[in-house]
Amino acid sequence: MLELNVVEQVEQQLKQAIEQAVLAANLANQDELPEVILETPKDKNHGDYATNMAMQLARIAKKPPRAIAEEIVKQVNQEEASIKSIEIAGPGFINFFMDTSYLTDVVSTIFEQGKHYGETNDGGGEQVQIEFVSANPTGTLHLGHARGAAYGDTLANVMTKAGYEVEREYYINDAGNQIDQLALSIDVRYAQAFGEDKEMPENSYRGQDIIDLANQLAEEYGRQFLEMQESERLAAFREHGLNHLLEQIKQDLEAFRVPFDTWFSERSLYDENRVTGAVDALRERGYVYESEGAVWFRSTDFGDDKDRVLVKNDGNYTYLTPDIAYHQDKISRGFDQVINIWGADHHGYVTRMKAAIQALGYEDLLDIKITQMVNLFENGEKVKMSKRTGKAVMMKELIDEVGVDATRYFFIMRSNDAHLDFDMDLARSESNDNPVYYVQYAHARICSMLRQAEEKDVDIDATPDLSLLTAEKEVDLLKRLGDYPQVISEAATRKMPHRIPQYVFDLASDLHSFYNAEKVIDTDNMELTQARIALMQATRVVIEDALNLIGVHAPEKM
RNA sequence: GUCCCGGUAGCUCAGGGGAUAGAGCAACAGCCUUCUAAGCUGUCGGUCGCAGGUUCGAUUCCUGCUCGGGACACCA
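Residues numbered from 1 in each chain as written. Chains lettered and ligands numbered in written order. Predicted model: local features only at pLDDT ≥ 70, side-chain atom pairs only at ≥ 80, totals over all residues. Heavy atoms only, no water.

Attention now moves to the overall build of chain A. From N to C terminus, chain A includes 19 helices and 15 strands. Expressed as lengths along the three principal axes of its C-alpha atoms, the size of chain A is roughly 90 × 65 × 45 Å. A burial count over chain A gives 52% of its 558 residues as buried. Considering only contacts in chain A between residues 6 or more positions apart, those separated by 24 or more positions represent 73%. Carbon and sulfur atoms make up 43% of the accessible area of chain A, which amounts to about 26,100 Å² in all. Taking the average place of the 56 positive charges on the side chains of chain A and the average place of its 96 negative ones, the gap between the two points comes to 4 Å. (Helix = DSSP H or I, 4+ residues; strand = E, 2+ residues; numbered from the N terminus. Buried < 20%, exposed > 50% of the residue type's maximum accessible area, 1.4 Å probe, protein only. Contact = heavy atoms within 4.5 Å. Areas by Shrake-Rupley, 256 points an atom, 1.4 Å probe, with all protein chains shown as cover. Lys, Arg positive; Asp, Glu negative; His and termini not counted. Charge placed at Lys NZ, Arg CZ, Asp CG, Glu CD.)

Structure, rendered in C-alpha cells:
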C-alpha cells in the first residue's frame, strides 16, 4: 500500500478542518453534512484551495452563503491545517491560502521515490486485460491502427502506474473468410509477377503490401507455386501471407514501441472446438433459434436492434461467432476488467458483443473504448484510407516521415472520442512546432543545467535547504509536481491517457518560465543553487516519467 | 429511419455544476555581453451550435432540435 503523498495529506487535513468547523458552527448535523469539495482555483488570487461548502449548505442551513462562510471561517482551526489565511469571495467561496512550506516536501518525496513517484493505488492490484490493435493479418498497419496502438499502449502504461495488473493482448483473426480473400489476392498478384493477365477478384486486397509480398514470393520460390493444384497453391499462399503479414505487423508495432504480452490466435478457438462450444452455450441458455436455414442469436433480448446470425445457411460462421467464443475465453481467464479498444467503424458491434456476454451469464466486466476516425490530409486534400484501394498511408510511412515521438504524442494528445485530422504536410514541414519538442526541450535544458552544475562543482548530492524555494515560479513548479499523482489517477480511472501529454506540457511550460525568470546556478549562492538543482532534478524525473508513459523519448541533449 | 462521436477564440483542440472559460498556432509588441531564443513576457481574440428543463448557480447534467463525421450484411 502506498502512503498518502504530501499533497493528499494536506488536502485531507483541510477537509477535516472544514468539516469540524461546520459542525462546530451548528450549520448542519453529522448526517446532513455534504462531502467537502476542494478545488484548486485557476486564479492564484483565489488561494491555493477553495471550497463551495457555504453554497452547498445554503439550503440546509437556510442562510445566505456568505453568512454561512463567515461562520465557518470563524471556526476553522488554521494552525492544525497549515492554513496561512482565509478569504471569503464571490458568491460564497472560501479561499484558503496555505502555508506553502509543505510543498517543498514534494521534492524530497520525488527523490525518495524516483520513477515510482506518481504511482497510486487506484487499481489495488486488479487484473486488467487490454486488447487492442488486433488488425486482421491481411495487410500492414495504417493510420487508424496507429491511433489505437498509441491509445492502448499508453492506457496500459498509465493503468499499470495506477496500481492495476495489466495484460496486453492482440487478437489475430487468422481464420475466416478474409484469409481466403488474402490467399486469392496473393494468387493473382503472384501470377501477375510472371506476366500473366489475371483479374483481381471482387473482395480482394489491392494494397501495395500484397503486391510486394507476391513479388517477394516470386523471387524466392520462382514459378513453383504455378505448378501446384489450385487448392494446394491457395493453402500455401494462405500460410505465407499470414506469416509474412503478421511478422510485418509485429515489426511495425515494435518500431512504434508497442509491446504485447499475448498474441491470441482465432484458429486456436477452432482447434479446441471453442466456437461450437460458444454456440452451444448460448443455445443451452435459450438464446439461439433457427430460421431461413441459418442459426440466430436472439440479441434483441439484450437491447440489440435485431437478432444476429451465428451460422450462415452455407454452414459457415459469421465474424461474430468466433468473437463470442474469444470473449468467453477472455472472461473465463479471471480478469477483473476487460477492455477492448476498437476503431469507430466497429462501434456497431458493441451492443451485440455485450449482449452475448450477458446471454452467457457473465457479469458485465467488458469496457469497450472507441477511438474515433483519423482523417489524413495531404496537399490540402483528404486521403482515403481504404485498405483495398491501396492508397492508405501506412503506420510505418508515418513513423518514417515524422518520427515515433511526434506520431505518438500527436495521437495521445487528443481525447479518443474526438475525430483527428492528421495533416501530413504540417507534420512534415513544421514538426518543430510540435509540442513534443517543447517538452523534450525542457528535459534537455534541465540535463544541460545539471551538467554545468557538475562542472562548476556544485555539490549535487548535498541535502539542500528546500525552504529557500519561495520564488513565484518555483512555487508554481512545486505545485505542478505535486499534481502528478492526481493526474495519473484520473488518467487511469477515467481511461483518459490524453491527460498525460497535457500535464507534461504544462509542466514543461512551468519549467521554461522558471528558467527565464531565475538563474539556477549561482556560484556566489551555493545554498540556493543546491536547492534549485534539487528542484530541477525532481522536475526532470517527472518529465521523463510522463514521457515514458506515452512512449516518447526524453533526450539529454537537443 | 436507428445507433455512436463531435459542435468551445480566425485555425487545431483542452477543460468542465461554480468566481473574469484555457493552451498552442496565426496576428501584433517586447526580451539573448547572463545556465540551450527549439525559450520567455505582454496585447488582440469567445452569445462554449439552438431552445427548453433541473439547480442557489449550467458552457458543463437531462430532453428536444440542428449541423458535421461515422456505423447500421447470412463481409470481416
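With that settled, consider the sheet that holds strand E7 (residues 262–265). Read across the sheet, five strands follow the order E7-E6-E5-E11-E12 without closing on themselves; strand pairing throughout is parallel. At either end of the open sheet lies a strand with only one pairing partner, and these are E7 and strand E12 (366–371). Averaged over all adjacent pairs, the angle separating strand axes in this sheet is 25°, with direction ignored. Relative to strand E6 (residues 165–172), strand E5 (residues 127–131) is paired through five bridges, and the arrangement is parallel. (Pairing = 2+ DSSP bridges. Axes fitted to C-alpha atoms, helices over the stretch in contact; angles between N-to-C directions.)

Further remarks concern the pattern of salt bridges. What the rule picks out here adds up to 27 salt bridges. Across the pair Asp304 and Arg308 runs a salt bridge, and its minimum N-O distance is 2.9 Å. With respect to burial, Asp304 and Arg308 carry one shared label: buried. The residue Asp400 makes a salt bridge to Lys396 at a minimum N-O spacing of 3.3 Å. Of this pair, Asp400 and Lys396 both sit in helix H13 (residues 395–402), separated by four residues, roughly a single helical turn. (Salt bridge = Lys/Arg side-chain N within 4 Å of Asp/Glu carboxyl O.)

What follows deals with empty space enclosed by the protein. Scanning the model with the defined rule gives one cavity of 30 Å³ or more in all. Its volume calculated, the largest cavity comes out at about 60 Å³. For the largest cavity, the full set of lining residues is Arg147, Ala150, Tyr151, Thr371, Phe411, Ile412, Arg414, Ser415, Asn416, Pro497 and His498. Of all the secondary-structure elements, those providing two or more residues to the lining of the largest cavity are helix H5 (143–161) and helix H14 (404–413). For the lining of the largest cavity, the class distribution of residues is five nonpolar, four polar and two charged. (1 Å grid on protein atoms, 1.4 Å probe; cavity = no way out; pocket = protein on both sides within 12 Å on 5 of 7 lines; lining within 4 Å. Points joined across faces, edges and corners; volume = space filled by probe spheres on them. Nonpolar A, V, L, I, M, F, W, Y, C, P; charged D, E, K, R; others polar.)

One finds Ile72, Ile130, Leu253, Phe256, Phe411 and Met536 to be the most contacted residues of the largest nonpolar core, which totals 124 residues. No other element matches the 12 residues that helix H19 (residues 526–549) contributes to this core. The residues touching Ile72, leaving out its near neighbours within four places in the chain, are Ala21, Val22, Leu27, Met53, Ala54, Leu57 and Ile94. Within the second largest apolar cluster, 35 residues are counted, among which are Leu282, Trp342, Ala356 and Ile368. (Core = buried A, V, L, I, M, F, W, Y, C linked by side-chain atoms within 4.5 Å.)

It is worth spelling out the protein's contact with RNA strand B at this point. Inspection of the region around RNA strand B gives 58 residues, with Gln178, Lys312, Tyr349, Asp417 and Tyr441 positioned closest. A distance of 2.4 Å is found between a phosphate oxygen of RNA strand B and a side-chain nitrogen or oxygen belonging to Arg445. The contact in question runs from a phosphate oxygen of RNA strand B to an N or O atom on the side chain of Arg499, over 2.6 Å. Elements supplying a minimum of two residues to the surface near RNA strand B: helix H2 (53–61), strand E4 (93–98), helix H6 (177–193), strand E9 (294–297), helix H16 (435–455) and helix H18 (499–517). With eight residues, the single largest contributor to the surface near RNA strand B is H16. For the surface near RNA strand B, the class distribution of residues is 22 nonpolar, 21 polar and 15 charged. (Near = heavy atom within 4 Å. Polar contact = N/O pair within 3.5 Å; in protein donor to acceptor, adjacent residues only side chain to side chain.)

Moving on to unusual backbone geometry. For Val133, which is not a glycine, the phi torsion comes out positive at approximately 65°. Inspection of the secondary structure assignment puts Val133 in the loop between E5 and H5. Of note in the backbone geometry, Asn273 takes a positive phi value of approximately 60° without being a glycine. By secondary structure assignment, the location of Asn273 is in the loop between helix H9 (266–271) and helix H10 (274–284).

The next point concerns the side chain of Thr407. Within the element layout of this structure, Thr407 appears in helix H14. A polar atom in the side chain of Thr407 sits 2.6 Å from the backbone oxygen of Gly403. Residues contacting Thr407, with those up to four places away along its chain left out, are Phe256, Leu398, Ile399 and Val402.

Here the focus is the packing of H18 against H19. At their nearest, the axes of H18 and H19 sit 10 Å apart, and the two run at 155° to each other. By the angle between their directions, the pair H18 and H19 is classed as roughly antiparallel. For the pair H18 and H19, the sense of crossing is left-handed. Packed against H18, whose contacting residues are Ile500, Tyr503, Val504, Leu507, Leu511 and Phe514, the element H19 presents Arg532, Met536, Thr539, Val542, Ile543, Ala546, Leu547 and Leu549 at the interface. Split into classes, the residues belonging to the contact of H18 with H19 amount to 12 nonpolar, one polar and one charged. (Parallel < 35°, antiparallel > 145°, perpendicular 65-115°, else oblique. Left-handed = near helix turned anticlockwise from the far one by under 90°.)

What follows concerns helix H7 (residues 208–221). Since the α-helix packs 3.6 residues into each turn, any two residues three or four apart lie on the same face. For H7, with 14 residues, the first-to-last C-alpha span of 20 Å sits near the 20 Å given by 1.5 Å per residue. Regarding H7, the residues found buried are Asp209, Ile210, Leu213, Ala214, Leu217 and Ala218. Residues of H7 that are buried sit in contact with H6 and helix H8 (230–255). Within two residues after H7, Gly222 carries a phi angle of roughly 65°, on the positive side. (Expected span 1.5 Å × (residues − 1).)

Residues with a pLDDT of 70 or more make up 96% of chain A, whose mean pLDDT is 90. Here helix H15 (residues 424–429) stands out as the element of chain A with the lowest mean pLDDT, 69, in contrast to E6, whose mean of 98 is the highest. Scored as a complex, the prediction yields pTM 0.93 and ipTM 0.94. (pLDDT = per-residue confidence, 0-100.)

With that settled, consider the layout of surface pockets. Approximately 1,200 Å³ is the volume attributed to the second largest pocket. Put simply, the parts of the chain that give the lining of the second largest pocket at least two residues each are helix H1 (6–24), strand E1 (38–39), helix H17 (472–493) and H18. In terms of residue count, the dominant contributor to the lining of the second largest pocket is H17 (10 residues). Per-class residue counts for the lining of the second largest pocket are 12 nonpolar, nine polar and 18 charged.

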